[in-house]
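# Summary of structural features
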Amino acid sequence: MKNIIEDLNYRGLIAQYSNQEEVAKLLETKQTVYCGFDPSAGSMHLGNYVMISLLKRFQKAGHKVVALVGGATGMIGDPSGKSAERNIQTKEVLEKNTASIRAQLERYIDLSDPEKGVVVSNYDWLGHMELIDFLRDYGKFFSINYMMSKEIVKSRLESGISFTEFSYQILQSIDFYHLHHTYGVNIQLGGNDQWGNLTSGLELIRKLDGEEEKVEVMTAHLILRSDGKKFGKSEKGALFLDPKLTSPYALYQYFMNVTDEDAIRFLKIFSFLDKEEIEETAREHFAAPGARIGQKKVAYEVTKDIHGEEAAKEAVAMSEALFSGNVASLKENEIEELFGEMKKPLEGEMLLEDLLMHLGAASSKREARTFITGNSLMLNGVKVNDLAKTVTKEDALFGKYIILRRGKKNYYLGQF
């Protein structure tokens, strides 16, 4: 079997092991590894993709993976990392979210053979459990003192925590126990904020099956940028895996704008390039940082892995069209995505200088004429410097778009 532990440590992905030596021993033979995903929203985001990519790495190393959607636990809410109770969503919303998250997981996990991977929902075994069975069969193995010692609970004691969220770690422990017996899962993965829940699962299995039971857990680091800020946030919020919520181009641009240090670090975390290629990229990148080799590589690789090669190539083409000014090569939907928010209506023909003022590219006719004669304007990708130029619908791309570029970075859009 491939030494996946060495690879994961090189990439800086793992924060804690319940016992690294025992995990390594287990992984010398084919194992079944599981990770859970919360359906509190209709789409996962880039932080979730860290865990998805971990499952993919285990698959590539020859192990079987189980991706669990929390169809039942999503109804309860995980207290981890929150200062207040989660708003409980309706069963209908959670069913819709669960189906959506399952569909996303199925895009990334290889399900061609049940021995490679499966996607399950814990509603199948938790959703119909009787209360008395829950208390008798599982609750008696968790002391209140033990549960309160977990950081995820301790962090909430001052602000308050309901019994509902307090019981979450028992439900997640039952998941591990169930999957251990049903699918032969011996290793659970989770985010580092899930450490208390994961180790509770270990305790339950060992109490029910014996202390010598070979089960372990490992957690991934919470990914932060080099400036210490939470990873995966853009000016508009989270970077979602659903292309309708975060377009491939927006995802590509996020990584194009990371720092030099983050470019290489994220290449290790998110890409499936091997160590040699990453190290070669790092050498080339830092030898010529102005070329942004690292940013281009990680932006392309992440966009390709999440949205496919065609979408990644389109994102590259859109980025290059903006940089070069060759906007005539853009598709109609790409024009809308890039410039739609700044769009202003156009009617009839208009002198170029009046167009500049109408679109906000100049504050006065005098300034507009200066821009025109100063050779700093491009109209739909073509240089314009004629003061007598009249812009009409015949000049428009797709019969409606006028894209004005002033200087190297200032773009404006008019639509007939």
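Structure's up top.
Below: a short report on this structure. (Residues numbered from 1 in each chain as written. Predicted model: local features only at pLDDT ≥ 70, side-chain atom pairs only at ≥ 80, totals over all residues. Heavy atoms only, no water.)

### Looking at the sheet that holds strand β2 (residues 32-37)
Convention followed: A pair of strands is labelled paired if DSSP reports no fewer than 2 bridges between them. A helix here means a DSSP run of H or I that spans at least four residues, while a strand means a run of E at least two residues long, and both kinds are numbered starting from the N terminus. An axis is simply a line fitted to the C-alpha atoms; with a helix, the fit covers only the stretch in contact. Between two such axes, the angle follows the N-to-C directions and lies from 0 to 180 degrees. In this description, contact between two residues means that some pair of their heavy atoms is separated by no more than 4.5 Å.
Overall, mixed pairing links the 6 strands, which are arranged β1-β6-β5-β2-β3-β4 in an open sheet. With one partner strand each, in any of the chains shown, β1 (14-17) and β4 (117-121) form the two edges of the open sheet. Averaged over all neighbouring strand pairs, the angle between strand axes comes to 25°, with direction disregarded. As paired elements, β2 and strand β5 (residues 185-191) share 4 bridges and run parallel to each other. By the bridge assignment for β5, T32 is matched with V185. Here helix α4 (residues 91-108) sits on the sheet and contacts β2, β3 (64-69) and β4; the angle it forms with β4, its principal contact strand, is near 175°. Contacts between helix α10 (residues 168-182) and the sheet are confined to β2, β3, β4, β5 and β6 (216-220), with β5 contributing the most and set at about 145° to the helix.

### Considering the sheet that holds strand β15 (residues 410-415)
The pairing of strands in a sheet happens through backbone hydrogen bonds and is either parallel or antiparallel. On the basis of which strands lie adjacent, the open sheet formed by 5 strands has the order β9-β15-β14-β11-β12 and mixed pairing. For this open sheet the edge positions go to β9 (343-345) and β12 (382-383), each flanked by a neighbour on one side alone. Across 6 bridges, strand β14 (residues 401-406) lies against β15 in antiparallel orientation. Bridging across to β15, R406 finds its partner in N410. Of the strands in this sheet, β9, β14 and β15 are in contact with helix α17 (residues 332-339), which crosses β14 at around 50°.

### Details of the environment of F58
Which entries qualify depends on this criterion: The buried label applies to any residue whose accessible area, calculated with a 1.4 Å probe on protein chains only, is under 20% of its type's maximum; exposed applies above 50%, and partly exposed to all values in between.
Here F58 is to be found in helix α3 (residues 46-60). Among the residues examined, F58 registers a relative accessible area of 0% and is labelled buried.

### Thoughts on the packing of helix α16 (residues 309-324) against α17
Let me state the cut-off plainly: Put simply, a crossing is left-handed when the front helix is turned counterclockwise from the back one by less than a right angle, and right-handed when it is turned clockwise. Ten residues, namely Ala, Val, Leu, Ile, Met, Phe, Trp, Tyr, Cys and Pro, are considered nonpolar, four, namely Asp, Glu, Lys and Arg, are considered charged, and the remaining ones, Gly among them, are considered polar.
Where α16 contacts α17, the axes come no closer than 12 Å and their chain directions differ by 65°. Remark: the crossing between α16 and α17 carries right-handed chirality. Contacts from E314, M318 and L322 in α16 reach E334, E337, L338 and F339 in α17. Its residues placed into classes, the contact of α16 with α17 shows 4 nonpolar, no polar and 3 charged.

### A few points about a nonpolar patch on the surface
For the record, the criterion: Patches in this entry comprise residues that are over 30% relatively accessible and not in a salt bridge; like charges within 9 Å are linked, as are nonpolar side chains (Val, Leu, Ile, Met, Phe, Trp, Tyr) within 5 Å. Accessible areas in this description were obtained via Shrake-Rupley with a 1.4 Å probe; residue shielding takes into account the shown protein chains only. Salt-bridge detection follows one rule: a side-chain nitrogen of Lys or Arg within 4 Å of a carboxyl oxygen of Asp or Glu.
There is a patch of nonpolar side chains on the surface, built from L131, I132 and L135 and spanning about 300 Å² of accessible area. Secondary-structure assignment places L135 in helix α6 (residues 131-137). Residue L135 is classed as partly exposed on the basis of its relative accessible area, which comes to 42%.

### Overview of the pairing of β14
In terms of burial, β14 is a largely internal element, 6 of the 6 residues being buried. Burial along β14 is two-sided: Y401, I403 and R405 facing one way and I402, L404 and R406 facing the other are all buried. Pairing geometry for strand β11 (residues 377-379) and β14, over 3 bridges, is antiparallel. Its bridge partner lying in β14, L379 is registered against L404.

### Considerations on the pattern of salt bridges
The final tally for this structure, using the stated rule, is 19 salt bridges. Close ionic contact of E277 with K297 constitutes a salt bridge, the shortest N to O distance being 3.5 Å. Of this pair, E277 sits in helix α14 (residues 275-287) while K297 is found in helix α15 (residues 293-307), placing the two residues 20 residues apart along the sequence. Residue class for E277 comes out partly exposed when judged on its relative accessible area of 33%. Measuring nitrogen to oxygen at the nearest pair gives 2.8 Å for the salt bridge that ties E314 to K331. With E314 in helix α16 and K331 in the loop between α16 and α17, this residue pair connects regions lying 17 residues apart in the sequence. Under the relative-accessibility criterion, K331 is labelled partly exposed at 40%. Members of the salt-bridge network, linked through shared partners, are E21, E22, K25 and K214.

### Considerations on unusual backbone geometry
Of note in the backbone geometry, N380 takes a positive phi value of approximately 50° without being a glycine. Structurally, the position occupied by N380 is in the loop between β11 and β12. Exposure remark for N380: the relative accessible area of 6% places this residue in the buried category. With phi around 55°, F398 is a residue other than glycine that occupies positive phi space. Mapping F398 onto the fold places it in the loop between β13 (390-391) and β14.

### Structural notes on the packing of α14 against α15
When two helices pack together, their arrangement is given by the angle between the helix axes and the distance between those axes. The geometry of α14 relative to α15 is characterised by a closest axis approach of 8 Å and an angle of 145° between their N-to-C directions. Every residue of α15 that contacts α14 at E277, T281, E284 and H285 is listed here: I293, G294, Q295 and K297. Counted by class, the contact of α14 with α15 contains 1 nonpolar, 4 polar and 3 charged residues.

### Quick look at the side chain of R57
Stated formally: When charges are counted, Lys and Arg contribute as positive and Asp and Glu as negative, whereas His and the chain ends are disregarded.
With respect to the element layout, R57 can be found in helix α3. At 4.7 Å, D7 is the nearest oppositely charged side chain to R57, a buried residue that forms no salt bridge. When sequence neighbours within four positions are dropped, the list of residues in contact with R57 reads I4, L8, R11, L13, K268, I269, F270, S271 and F272.

### Here's the deal with the nonpolar core
Most often, soluble globular proteins keep nonpolar side chains buried together rather than apart. Note the following rule: Here, nonpolar core refers to any group of buried Ala, Val, Leu, Ile, Met, Phe, Trp, Tyr and Cys residues whose side-chain atoms link them within 4.5 Å.
By size, the foremost hydrophobic cluster in this structure holds 59 residues, and its most contacted members are F37, L189, M218 and F255. Considering each element in turn, this core owes the most residues, 8 residues, to α3. Leaving out residues up to four positions away in the same chain, M218 has contacts with I5, L8, I14, Q16, Y17, V23, F58, I187, Q188, L189, G190 and L198. Y34, V118, V185 and L198 belong to the second-largest nonpolar core, a separate cluster that totals 28 residues.

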